[in-house]
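# Commentary on secondary and tertiary structure
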Amino acid sequence: MATLTNVFGKFFPRTVATAEATSPAFARRDQRYEQVDTSTRVRVFANEDIYFYVKHIDNTAVLRQADPASDRASWKMIGMAAAAAVVLICILMPKGMGVLAGYEIQSLRHENQKLVSEQNTLELQEAQLMSPERMAQLAKMQQFIDPAPDRVVYLDAPGDTEFAAISPAAGTGK
């Protein structure tokens, strides 16, 4: 803005001192502050003598004209946005389903590892419970005795092609 004053100064030879002297705001300021030292004066503010009046406008009684083309355009825009959303969802759905399937596969792998480790521990416990030492201990604890050799019936006798039949007298112990 300082360059504009220099440009106008070439065409209109008016100094700042004469502008201050002819300004009504400067004159009012001089009248108010006659006792104030001139070296401490504040320079004139731009447009300080302009008063802006703001008029209150009441538009409550104004009605907007109906425009059927704007209604059609609005519904068309809503339809286009809905169609675009459906297309976007259809495009992104396979990727999202793939991500969800990946999470499910990963959780199933963790579950499979957990079940395999649980099965291994159960097989170890079963092997410990079915060991011959444990069976001998249980037989001794429950007072089991080995049957006499004549009381043993072999169902699959070597050299016999027929099945062995158990007689009722052999099963009762009489």
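## Observations regarding the overall build of the protein
- Secondary structure assignment for the protein yields six helices and zero strands.
- By residue count, 3% of the 174 residues in the protein fall in the buried class.
- Total accessible area on the protein stands at roughly 17000 Å², and carbon and sulfur atoms take up 63% of it.

## Details of a nonpolar patch on the surface
- On the surface, a cluster of nonpolar side chains totalling about 640 Å² of accessible area is made up of I89, M93, M97, V99, L100 and Y103.
- By secondary structure assignment, the location of M97 is in helix α4 (residues 68-129).

## A closer look at helix α5 (residues 132-141)
- Counting buried positions along α5 yields zero of 10 residues, so the element is predominantly exposed.
- Following α5 by one or two positions, Q143 adopts a phi angle in the positive range, close to 60°.

## Digging into the side chain of S131
- Here S131 lies in the loop between α4 and α5.
- At 3.2 Å, the side chain of S131 and the backbone oxygen of Q128 are in polar contact.

## Concerning unusual backbone geometry
- The residue Q143 is not glycine, and still its phi comes out positive at about 60°.
- In this fold, Q143 is placed in the loop between α5 and α6 (168-172).
- The exposure class of Q143 is exposed, given its relative accessible area of 68%.

## Re α4
- Over its 62 residues, α4 extends 87 Å from the first C-alpha to the last, a length consistent with the 92 Å expected when each residue adds 1.5 Å.
- Of all the bends found along α4, the most pronounced is centred on M93 and spans about 40°, while P94, a proline, follows it within four residues.

Conventions and cut-offs
Residues numbered from 1 in each chain as written. Predicted model: local features only at pLDDT ≥ 70, side-chain atom pairs only at ≥ 80, totals over all residues. Heavy atoms only, no water. Helix = DSSP H or I, 4+ residues; strand = E, 2+ residues; numbered from the N terminus. Buried < 20%, exposed > 50% of the residue type's maximum accessible area, 1.4 Å probe, protein only. Areas by Shrake-Rupley, 256 points an atom, 1.4 Å probe, with all protein chains shown as cover. Patch = residues over 30% accessible without salt bridge, like charges linked within 9 Å, V, L, I, M, F, W, Y side chains within 5 Å. Salt bridge = Lys/Arg side-chain N within 4 Å of Asp/Glu carboxyl O. Polar contact = N/O pair within 3.5 Å; in protein donor to acceptor, adjacent residues only side chain to side chain. Expected span 1.5 Å × (residues − 1). Bend = angle between axes of the 7 residues up to and from the residue.

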